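Analysis of the macromolecular model
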Amino acid sequence: KDDMYEFFQAFLEASSNHGERPRKGKQMSKVMRDYLLFTLITGKRREESMSLKWENVDLINGTITLEKTKFSKIDVIPITNLLFIMLEYRFKMRGKTHSERKHPIWVFPSRTGENHIQNPDKALSQLRKRTDLNFNLSSHDFRRTFGTATLELGLSKRELSILLNHAKKDVTDGYAQASAEYKRGNAELVATYYNKHSGNALNKMCVKWYKSN
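Heads up: these notes are all about the structure in this document. (Residues numbered from 1 in each chain as written. Predicted model: local features only at pLDDT ≥ 70, side-chain atom pairs only at ≥ 80, totals over all residues. Heavy atoms only, no water.)

What about the overall build of the chain?
When you go through the chain residue by residue, the secondary structure sums to 9 helices and 3 strands. Along the chain, helices and strands appear, N-terminal first, in the series α-α-α-β-β-β-α-α-α-α-α-α. What you see for the chain is a C-alpha radius of gyration of 17 Å, in line with the 17 Å of a compact globule of 213 residues. Across its three principal axes, the chain shows a C-alpha extent of roughly 50 × 40 × 30 Å. Across the 213 residues of the chain, 47% fall into the buried class. Only carbon and sulfur atoms are counted for the fraction: they give 50% of the accessible area of the chain, which is about 11800 Å². Between the centroid of the 37 positive side chains of the chain and the centroid of its 24 negative side chains there is a distance of 5 Å. (Helix = DSSP H or I, 4+ residues; strand = E, 2+ residues; numbered from the N terminus. Rg over C-alpha atoms; globule rule 2.2 N^0.38 Å. Buried < 20%, exposed > 50% of the residue type's maximum accessible area, 1.4 Å probe, protein only. Areas by Shrake-Rupley, 256 points an atom, 1.4 Å probe, with all protein chains shown as cover. Lys, Arg positive; Asp, Glu negative; His and termini not counted. Charge placed at Lys NZ, Arg CZ, Asp CG, Glu CD.)

And the structure:
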């Protein structure tokens, strides 16, 4: 929590705004920026996030359905406010290059558009250069951050397990399915927590990156 302000400021500095091109060698691509934000506010695993397809995104009903997960469990992700703003922005992109227009399949397409993105290390290095962290960042650190936030908010380990789609440890978990609205409420708490301890960085992202109010 104490380092959250510095981290989010670094995230903003390492990312270009709407209508701007990323500064070569100093800022990450916009698709990597959006992928990292997705991971940060959902707590999803690296491969599950990178390989997200538009066919699994339901902007009307506000859910994302992941069918191929680590434990072969269907995972219904609630689309929170910031997540909706980012996904709608990407859905409506109509630029001339692969990076500036919506891909017909992938939410986070590779530079060539032939597949989804593969390796976020360069993007993460942009964040690493701007912080005093004494370790190399990974996508899984974003998942850990999400988990830590839920515990600091006082959510139970079961609620965290539901949000992170962990393997069932109790047979009764197979009968108790959390509703999307229940999960959405908890996920929004995490986003509010981030915003509170980052100097309203999420609000700035909405305005600067996605032209939202």
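Examining the packing of helix α1 (residues 4–13) against helix α2 (residues 30–42)
For the pair α1 and α2, interaxial distance at closest approach is 11 Å and the crossing angle is 155°. Considered as vectors, α1 and α2 are oriented roughly antiparallel to each other. For the pair α1 and α2, the sense of crossing is left-handed. Of the residues in α2, those touching α1 at Phe7, Phe8 and Phe11 are Arg33, Leu36, Leu37 and Leu40. Looking at the contact of α1 with α2 residue by residue, the class counts come to 6 nonpolar, no polar and 1 charged. (Axes fitted to C-alpha atoms, helices over the stretch in contact; angles between N-to-C directions. Parallel < 35°, antiparallel > 145°, perpendicular 65-115°, else oblique. Left-handed = near helix turned anticlockwise from the far one by under 90°. Contact = heavy atoms within 4.5 Å. Nonpolar A, V, L, I, M, F, W, Y, C, P; charged D, E, K, R; others polar.)

Describing a negative patch on the surface
A cluster of acidic side chains, namely Asp2, Asp3, Glu6 and Asp132, defines a negative patch on the protein surface. The topology assignment puts Asp3 in the segment before α1. Given a relative accessible area of 51%, Asp3 falls into the exposed group. (Patch = residues over 30% accessible without salt bridge, like charges linked within 9 Å, V, L, I, M, F, W, Y side chains within 5 Å. Salt bridge = Lys/Arg side-chain N within 4 Å of Asp/Glu carboxyl O.)

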